[in-house]
Amino acid sequence: MDDGANIKYGDVAFIVECQTQALLQAERLVLNTMQRMSAIATLSRQYRDAVADLPVKILDTRKTTPLIRFLEKWAVRIGGCHNYRDGLYDWFMIKDNHTDACGGIQPAIERVDAYQRAHGLNLNVTVEVRNLHELQQVLNTGKVTRIMLDNFQLDAMQTAVKMVNKRFETEASGGVTLETLRNIALTGVDYISVGALTHSAQSLDLSLKVLKE
């Protein structure tokens, strides 16, 4: 069966022929990996389908299993959602702890900007805001790619989207579920990040059976 195909109970994903001991040695590793990745792909497809008619992209996060992030992010793509960043090296994200440690939104953004210039970098920058007051500080400062609206109520999120007015990309984050996803998307945000895609997917139950000729 192809990656991303719909399945039902009783379907055969693949048939393999090899030496029996080699087969049994590899069986559990292969099945555990497939179970995990199929779960992530399935959940990602459910999130994508819930807002497929709206101009919003669903993103994963770095809340992944150690050492197999690249597989889990691949499964997210198979399910129809999108990868955010792979690590700390490919996208700057200024979160609440960073702004508090730097003494505020503006100095945090300015320090990232200075670091990029000093090291010849031109990476995207996301800044997290917790309220409309912090949002206004970002709008006054600029120098970012995307504004993450963290745990905003729907009415505040709608107001935030209007305030940004497409000057920067907007992203909703924090406690997103399938039940809340569509209403969040209807506020007009460009992206919705969902950690649950990788940290809360329920593994598929797969088994391998030896067939006697």
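It should be noted that the structure appears before, not after, this text.
Below you will find a few notes about this structure. Just so it is clear, the structure is predicted and the values come from calculations on it, not from any experiment.

### Section: the overall build of the chain
Then, number 1: Looking only at helices and strands, the chain has eight helices and six strands in total.
Then, number 2: For the chain, the sequential pattern of α-helices and β-strands runs α-β-α-β-α-α-β-α-β-α-β-α-β-α.
Then, number 3: Expressed along its principal axes, the backbone C-alpha trace of the chain runs to roughly 75 × 40 × 25 Å.
Then, number 4: The buried share among the 213 residues of the chain stands at 40%.
Then, number 5: Of the contacts formed within the chain by residues at least 6 apart in sequence, a portion of 61% connects residues at least 24 apart.
Then, number 6: Counting only carbon and sulfur atoms, one obtains 52% of the accessible surface of the chain, whose full area is about 12800 Å².

### Comments concerning the environment of Asn-124
Then, number 1: Checked against the element boundaries, Asn-124 lands in the loop between α4 (105–118) and β3 (125–129).
Then, number 2: Along the backbone, Asn-124 and Thr-65 are 59 residues apart, and their C-alpha atoms lie at a distance of 25 Å.
Then, number 3: Apart from residues no more than four positions distant in its own chain, Asn-124 is found in contact with Trp-91, Phe-92 and Thr-145.
Then, number 4: At 3.4 Å, the side chain of Asn-124 forms a polar contact with the side chain of Thr-145.

### Overview of the side chain of Glu-171
Then, number 1: Along the chain, the position of Glu-171 falls in strand β5 (residues 169–173).
Then, number 2: Residue contacts for Glu-171: discarding those within four places in its chain leaves Leu-59, Tyr-84, Thr-126, Arg-146, Ile-147, Met-148, Leu-149, Tyr-191 and Ser-193.

Calculation notes
Residues numbered from 1 in each chain as written. Predicted model: local features only at pLDDT ≥ 70, side-chain atom pairs only at ≥ 80, totals over all residues. Heavy atoms only, no water. Helix = DSSP H or I, 4+ residues; strand = E, 2+ residues; numbered from the N terminus. Buried < 20%, exposed > 50% of the residue type's maximum accessible area, 1.4 Å probe, protein only. Contact = heavy atoms within 4.5 Å. Areas by Shrake-Rupley, 256 points an atom, 1.4 Å probe, with all protein chains shown as cover. Polar contact = N/O pair within 3.5 Å; in protein donor to acceptor, adjacent residues only side chain to side chain.

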